[in-house]
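What follows is each chain in one-letter form.
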Amino acid sequence: MNTKKIVSSMLGLAMMSALIVPTTTYAKGEKPEREGVPSNFCTRFSAKSGELENRLADKKARISDAQAERTAKLSTKQADRDARLAAKRAEADERRTEQFANLKGKATTDAQKAAVATFEAAVKAAIVARKSAVDAAMKTFRDGLAALASTHQASVNNITTAYKTAVDAAHVKAKSDCAALVAPATVRATFQASMKTAKEKMQADRKALEKLGPQAEALAKTRNASVKKAMDDFKAAMEKARADLKAAFPKPSPTPSV
């Protein structure tokens, strides 16, 4: 899975708090008050306030559930990848065991037997070193992504919570003003202004969040560099081991032609 897909899987819902969109008109389809027409905002507000609060809570719950589902799917994908890698490593180990057995069968002198034993030990050490380096690089990468996701989501949750707090305060103020028999047009104007302020603040806070893409790409670049070094080190170790083994099995001199 490439870095962009991983980031999308882990963080694709991070900004879904945008679904909790405030609106300056209280109810869907509500028309602006017309001059000279008595306002019934407080009547509608009393009937609809609970409905809006429930919609906000429901959307927030759906976002949370979707985030949990995506996190679970990513964990499953990572586990599947690890299982496939483990299976490939096991198959490679079996092939090497057969190769070592074949080499031992070809060793006829004590020097050759010792060379084969040295070669086997060198190969196994190189494999262990490569595995440790690759696994460490992958763990660092995954841990880094998880930390980015956690920090980012905490910031998003704080923004969403702050917005809901502002909305709740606007509701409380409107209810209080309606109960105090403040002119409905004034209550409506105050409520809409508060909702507009809450919306603008949420949008500004979201824009201020640091982008995750560059940070994730930096983690991927570090991982790739570590994996490449592990592979290069393994290749160098194998070349040396083969050269040492080859020296113990000199090719027979060619038969002179008559």
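To be clear, the structure that these remarks concern was listed above.
None of these values were measured; they are calculated from a predicted model.

The rules we used
Residues numbered from 1 in each chain as written. Predicted model: local features only at pLDDT ≥ 70, side-chain atom pairs only at ≥ 80, totals over all residues. Heavy atoms only, no water. Salt bridge = Lys/Arg side-chain N within 4 Å of Asp/Glu carboxyl O. Helix = DSSP H or I, 4+ residues; strand = E, 2+ residues; numbered from the N terminus. Buried < 20%, exposed > 50% of the residue type's maximum accessible area, 1.4 Å probe, protein only. Disulfide = S-S within 2.5 Å. Phe/Tyr/Trp six-rings, centres within 6.5 Å; stacked < 30°, edge-to-face > 60°. Core = buried A, V, L, I, M, F, W, Y, C linked by side-chain atoms within 4.5 Å.

Novice: Explanation requested: the pattern of salt bridges in the structure shown.
Specialist: When their charged atoms lie close together, side chains carrying opposite charge are able to pair. According to the stated counting rule, one finds 17 salt bridges in the structure shown. Here D93 and R96 are joined by a salt bridge, their closest N and O atoms 2.5 Å apart. Taken together, the positions of D93 and R96, both in helix α2 (residues 41-106) and three residues apart, correspond to about one turn of that helix. For R96, a relative accessible area of 16% corresponds to the buried category. Of the charged contacts in the structure, one is a salt bridge between E120 and K104, with a shortest N-O distance of 3.3 Å. In this pair, E120 sits in helix α3 (residues 110-179) while K104 sits in helix α2, placing the two residues 16 residues apart along the sequence. Within this structure, R81, D82 and R142 form a network of salt bridges that share partners.

Novice: Hey, could you run me through the state of the cysteines in this one?
Specialist: Formally, a disulfide is one covalent bond, and it connects the sulfur atom of one cysteine to the sulfur atom of another. Applying the stated criterion across every chain yields a total of one disulfide. Note on cysteine connectivity: C42 is disulfide-linked to C178, with sulfurs 2.1 Å apart. Across the S-S bond of C42 and C178 the torsion is about -85 degrees, and the bridge reads as left-handed. Here C178 lies in helix α3 and C42 lies in helix α2, a separation of 136 residues in the sequence. Accessibility assignment for this pair places C42 and C178 in one class, buried.

Novice: What exactly am I supposed to notice about the packing of aromatic side chains here?
Specialist: The geometry of an aromatic ring pair comes down to the distance between the two centres and the angle between the two planes. Per the counting criterion, the structure on display carries four aromatic pairs. Taken together, a centroid distance of 6.0 Å and an interplanar angle of 45 degrees make the contact between F41 and F191 tilted. One end of the pair, F41, is in helix α2; the other, F191, is in helix α4 (residues 184-208), and 150 residues separate them in sequence. Summarising the burial analysis for this pair, F41 and F191 share the class buried. Between F100 and F119 the ring centres are 6.3 Å apart and the planes differ by 80 degrees, which places this aromatic pair in the edge-to-face class. Highlighted residues: F100 in helix α2 and F119 in helix α3, separated in sequence by 19 residues.

Novice: Please clarify how the nonpolar core should be interpreted in this entry.
Specialist: If you look at soluble globular proteins, the nonpolar side chains tend to sit buried side by side. Counting residues in each nonpolar core, the largest one holds 18 residues, and the members touching the most others are Y163, V187, F191 and M195. It is α3 that provides the largest number of residues to this core, a total of seven residues. Counting 12 residues, the second-largest nonpolar core is a separate cluster that includes A115, V116, F119 and V123.

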